[in-house]
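Read off the chains here:
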Amino acid sequence: RASSVYASAPLMHMYAAQKWMEQYENYREEEKRSFYCGNLFPDIRYLAGIQRSSTHWKKMTVEEVVAEKNPFYKGMKLHSLVDRIQHLFYQKNNHCTPLNGLSTHDQEIALKLLEDENVLYILKATVMKEAVESLAAIHPEELKFGASEKDIGQWHTMLRSYLCVGPYAYFK
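What you see is a predicted model; the values in this text were computed from it and never measured.

Procedures and definitions
Residues numbered from 1 in each chain as written. Predicted model: local features only at pLDDT ≥ 70, side-chain atom pairs only at ≥ 80, totals over all residues. Heavy atoms only, no water. Helix = DSSP H or I, 4+ residues; strand = E, 2+ residues; numbered from the N terminus. Rg over C-alpha atoms; globule rule 2.2 N^0.38 Å. Contact = heavy atoms within 4.5 Å. Axes fitted to C-alpha atoms, helices over the stretch in contact; angles between N-to-C directions. Parallel < 35°, antiparallel > 145°, perpendicular 65-115°, else oblique. Left-handed = near helix turned anticlockwise from the far one by under 90°. Expected span 1.5 Å × (residues − 1). Buried < 20%, exposed > 50% of the residue type's maximum accessible area, 1.4 Å probe, protein only. Phe/Tyr/Trp six-rings, centres within 6.5 Å; stacked < 30°, edge-to-face > 60°. Lys NZ or Arg CZ within 6 Å of the ring centre and 35° of its normal. Nonpolar A, V, L, I, M, F, W, Y, C, P; charged D, E, K, R; others polar. Core = buried A, V, L, I, M, F, W, Y, C linked by side-chain atoms within 4.5 Å.

Q: Is there a simple way to think about the overall build of the chain in this case?
A: Within the chain, the regular secondary structure consists of nine helices and zero strands. Listing each helix as α and each strand as β along the chain from the N terminus yields α-α-α-α-α-α-α-α-α. Against the compact-globule benchmark of 16 Å for 172 residues, the chain has a radius of gyration of 15 Å, which places it among compact chains. Considering only C-alpha atoms, the chain reaches an extent of 45 × 35 × 30 Å along its principal axes. Look at the contacts in the chain between residues 6 or more apart in sequence, and 74% of them connect residues 24 or more apart.

Quick look at the structure:
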């Protein structure tokens, strides 16, 4: 399907954030929380009914992520970059071949959840703890994209649970 957007799920985004932090950042605790929250924030669009274009930037580059000074927005930009890279990879390698008769949409979800289940075991415990802590409060930047405080709070609760147990246990 030409209009499909293959993208990552929360744990894969956290893995990318972990690797980014190891390579590029030396944030204080508050900045880490803001970065991790920003990295997880864009997919609130599913819950809040926000257009993808409001929370994801097209054609994001590494240079644009590096240049961003605000940790929250840097996290959001990294999220967009990871989605873009994954989308290009899946397009090039045709990784959504039929899986036992599943629809294309269900294949995409299955791949995301399989990725997340696998990456759950290689994420550092400290990063997971920091990510969960980053969702303890609403960050001011989150209120600028059209989601209500109620939606943001619900999003944080869902993500904290998902990050702690992974997709298999979360959807069990």
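Q: Can you help me understand the packing of helix α1 (residues 10-24) against helix α7 (residues 104-119) in this one?
A: Helix packing geometry: the angle between the two helix axes and the distance between the axes. Running from N to C, α1 and α7 cross one another at 50 degrees; their axes reach a closest spacing of 7 Å. Judged by the angle between their axes, α1 and α7 are oblique. Judged by the twist between their axes, the crossing of α1 over α7 is left-handed. Together, Pro 10, Leu 11, Met 12 and Tyr 15 of α1 and Glu 115, Asp 116 and Val 119 of α7 make up the contact between the two elements.

Q: Mind showing me how you'd approach helix α2 (residues 29-40) here?
A: The terminal C-alpha atoms of α2 lie 17 Å apart, and with twelve residues this matches the ideal 16 Å at 1.5 Å per residue to within 8%. Among the residues making up α2, those that are buried are Lys 32, Ser 34, Phe 35, Tyr 36, Cys 37, Gly 38, Asn 39 and Leu 40.

Q: Where do I start with the packing of aromatic side chains in this structure?
A: The description of an aromatic ring pair uses the distance of the two centres, along with the angle that the planes make with each other. The full count for this structure, using the stated rule, is seven aromatic pairs. Each ring, one from Phe 41 and one from Phe 72, has its centre 5.6 Å from the other, and the planes form 55 degrees; the classification is tilted. Taken together, the residues span a long stretch of sequence, with Phe 41 in the loop between α2 and α3 (45-48) and Phe 72 in helix α6 (residues 71-93) at a distance of 31 residues. Three or more aromatic residues joined by ring pairs form one cluster here, namely Phe 41, Phe 72, Tyr 73 and Phe 145. Here the guanidinium or amino end of Arg 45 rests over the ring plane of Tyr 46, the centre of that ring lying 4.2 Å away. Looking at Lys 77, its charged tip hangs above the ring of Trp 57, at a distance of 5.7 Å from the centre.

Q: Got a minute to help me understand the packing of helix α8 (residues 125-134) against helix α9 (residues 149-171) in this structure?
A: It is the contact of α8 with α9, at a shortest axis distance of 9 Å, that shows an interaxial angle of 165 degrees. Considering the angle they form, α8 stands roughly antiparallel to α9. Judged by the twist between their axes, the crossing of α8 over α9 is left-handed. Two secondary-structure elements touch here, α8 through Met 128, Ala 131 and Val 132 and α9 through Arg 160, Leu 163 and Cys 164. Tallied by class, residues from the contact of α8 with α9 come to five nonpolar, no polar and one charged.

Q: Even after reading the chapter, I still don't get the nonpolar core, so can you show me in this structure?
A: One broad rule of soluble globular proteins: the nonpolar side chains tend to lie buried together. In terms of nonpolar packing, the biggest core is built from 37 residues, with Leu 11, Met 14, Phe 35, Leu 78 and Leu 163 touching the most fellow members. Elements that contribute at least two residues to this core include exactly α1, α2, α6, α8 and α9. Beyond its immediate stretch of four places on either side in the chain, Leu 163 contacts Pro 10, Leu 11, Met 14, Leu 40, Leu 120, Met 128, Ala 131, Val 132 and Leu 135.

Q: Teacher, can you tell me more about the environment of Ile 109 here?
A: Looking at where Ile 109 falls in the secondary structure, it is placed in helix α7. Overall, Ile 109 belongs to the partly exposed group, its relative accessible area being 34%. Sequence spacing of Ile 109 and Ala 9 is 100 residues, and the spatial spacing of their C-alpha atoms is 8.8 Å.

Q: What should I look at first to understand unusual backbone geometry in this one?
A: When glycine is set aside, most residues are seen to have a negative phi, and most peptide bonds are trans. For Lys 59, which is not a glycine, the phi torsion comes out positive at approximately 55 degrees. Summarising the element assignment, Lys 59 is placed in the loop between α4 (52-55) and α5 (62-67). Note on Lys 59: relative accessible area 67%, which makes it exposed.

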